Amino acid sequence: MKLKRHCEHLAELTSEEANALGRIIQNTCSALSQVVKPAKIHVCSWGKQVKHIHFHVIPRSSAMPVGNLKLLIISTIKKVTQSARFKQVGKQYRSSRN
């Protein structure tokens, strides 16, 4: 997830942007919880190479070995994008934005 305008630090967000971003993160985590049913969801913002605010949302199953981020991302993307529930949640989200 990322902002539409350039912004490098969370402290630069307006209150409105921070509130909206919080809702987006919460909705994303909720959708992933429904579809993937992970043991944990990590939400991270490093901003090291890409100089703007963006978040990585990483669902983690209890069977996933600790530290294997590449495998985690690949398996999660495959599982999520093939899910009928994911497609349904995506349609609901898109229709709510119109």
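Everything that follows concerns the structure shown earlier in this document.
All of the points below concern the structure found in this document.

1. Some details on the nonpolar core
Counting residues in each nonpolar core, the largest one holds 11 residues, listed as Cys7, Leu13, Leu21, Ile25, Cys29, Leu32, Val35, Val36, Ile41, Ile53 and Phe55. Of the residues forming this core, the biggest block, six residues, is contributed by helix α1 (residues 15–36). Setting aside its immediate chain neighbours within four residues, Cys29 contacts Ile41, Val43 and Val57.

2. Structural notes on the pattern of salt bridges
Per the stated rule, a full pass over the model turns up one salt bridge. A salt bridge links Arg5 to Glu17; its shortest N-O distance comes to 2.5 Å. Taken together, the residues Arg5 in the segment before α1 and Glu17 in helix α1 connect sequence positions 12 residues apart.

3. Observations concerning the side chain of His54
Along the chain, His54 falls in the loop between β1 (40–44) and β2 (56–60). What makes His54 buried here is its relative accessible area of 13%. Separated by 3.3 Å, the side chains of His54 and His56 make a polar contact.

What counts, and where the lines are drawn
Residues numbered from 1 in each chain as written. Predicted model: local features only at pLDDT ≥ 70, side-chain atom pairs only at ≥ 80, totals over all residues. Heavy atoms only, no water. Core = buried A, V, L, I, M, F, W, Y, C linked by side-chain atoms within 4.5 Å. Buried < 20%, exposed > 50% of the residue type's maximum accessible area, 1.4 Å probe, protein only. Helix = DSSP H or I, 4+ residues; strand = E, 2+ residues; numbered from the N terminus. Contact = heavy atoms within 4.5 Å. Salt bridge = Lys/Arg side-chain N within 4 Å of Asp/Glu carboxyl O. Polar contact = N/O pair within 3.5 Å; in protein donor to acceptor, adjacent residues only side chain to side chain.

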